[in-house]
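# Inside the fold
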Amino acid sequence: SLHDALPIYAALNKLLNPAGWTRQCVLADKQLFAERCAAAGLPHPKTIAICTRGEIRLLSDPAGQYLVAKPSDGEGGSGVRMLGPIADGGALLARGAELKRLARTVIIQPRVTVHPELADLALAALPTVRIVTFCNEQGSPEVVSATFRCPTDPAAAIDNMKAGGLISSVDLDGGFLGVACLGYGGGDYECHPVTGSRIAGRTL
């Protein structure tokens, strides 16, 4: 099963891409990753502000936006804080002491809302797809796998396995989902255990 293969999959990732598991990897730093996306012209949530040791540096006007704060080097959803709608720059700047408790460096971005066709799998979080690429023999990037993730805990603000999320394979040709499994703890699900909505066979 997919659940049984997870430890092997992680070990292979570390073997094939050891640099990807170091702090120098751009994927390990949300601020650097956002900058890389911007430089490459890739769609991504715009960085509204950076908070370092409680000092907030505004990069864009936050007025009227629902914002999320995330430790720049965090993983597993640890330290993610929903800031809610922000009236103006002053209201955000006033929250420096609160954000200082989350991490040394915190990145603040608009909350990404779920697509209506996935709302029945979202609960209070944003379902995501993790796409893995390798450089092939010609040195060109190639998609080798894709995994859909969605939450099972109605109180969770994140969709990953550490928060009790489900994972499901994504067929690379047709975009349809396989049977989902609980990332930690096992159990296979053709339908979402909370909403009852179909997962297996669903096309993204």
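Our subject is the structure that appears above.
The present account deals with the structure reproduced in this document. Just so we're clear, the structure is a prediction, and the values are computed from it rather than from any experiment. Here the residue numbering is sequential within each chain, running from 1 through the sequence in written order. Local features in this predicted model are restricted to residues whose pLDDT is 70 or higher, and side-chain atom pairs enter the listing and the counts only when it is 80 or higher, whereas totals over whole chains, interfaces and linings include all residues. The basis for every side-chain value is the complete set of heavy atoms in the structure, and neither hydrogens nor water enter the calculation.

## Looking at the overall build of the protein chain
Counting from the N terminus, the helices are the DSSP runs of H or I reaching at least four residues and the strands are the DSSP runs of E reaching at least two. For the protein chain, the helix and strand inventory stands at five helices and ten strands. What the globule rule says is 2.2 Å times the number of residues to the power 0.38, and the radius of gyration is computed from C-alpha atoms. Against the globule reference of 17 Å for 204 residues, the protein chain gives a C-alpha radius of gyration of 18 Å, in line with a compact fold. Across the 204 residues that make up the protein chain, the buried fraction comes to 36%. Here the accessible surface of atoms and residues is derived via Shrake-Rupley with a 1.4 Å probe, and residues count as covered only by protein chains that are part of the display. If you sum the accessible surface of the protein chain, you get close to 11600 Å²; carbon and sulfur atoms cover 56% of it. Burial classes follow relative accessibility: with a 1.4 Å probe on protein chains only, a residue under 20% of its type's maximum area counts as buried, one over 50% as exposed, and anything between as partly exposed.

## Some details on the sheet that holds strand β6 (residues 128-135)
Pairing is antiparallel across the open sheet formed by five strands, whose spatial order is β6-β7-β8-β9-β10. Here the strands that pair on one side only, and so sit at the sheet edges, are β6 and β10 (188-189). Paired strands, as defined in this entry, are two strands with at least two bridges between them according to DSSP.

## Brief notes about the packing of aromatic side chains
Aromatic pairing here means that ring centres of Phe, Tyr or Trp (its six-membered ring) are within 6.5 Å. Orientation follows from the plane angle: under 30 degrees is stacked, over 60 is edge-to-face, and everything else is tilted. On inspection of all chains with the given rule, the structure shows zero aromatic pairs. Here, a charge over a ring is recorded when the distance from Lys NZ or Arg CZ to the ring centre is within 6 Å and its angle to the ring normal is within 35 degrees. The ring of Y66 carries R111 above its face, with NZ or CZ at 5.1 Å from the centroid.

## Side note on the sheet that holds strand β1 (residues 49-52)
Strand order in the open sheet formed by five strands is β2-β1-β5-β3-β4, and the pairing between neighbours is antiparallel. A single partner strand is all that each edge strand has here, and the edge strands are β2 (55-58) and β4 (81-86). Taking the axes of each pair of neighbouring strands and ignoring which way they run, one obtains an average angle of 25 degrees across the sheet. Note that β1 and β2 share four bridges and pair antiparallel. Within β2, the residue paired with I50 across the bridge is R57. Where helices are involved, their axes are fitted lines through C-alpha atoms of the stretch in contact, as for all axes, and angles between N-to-C directions lie from 0 to 180°.

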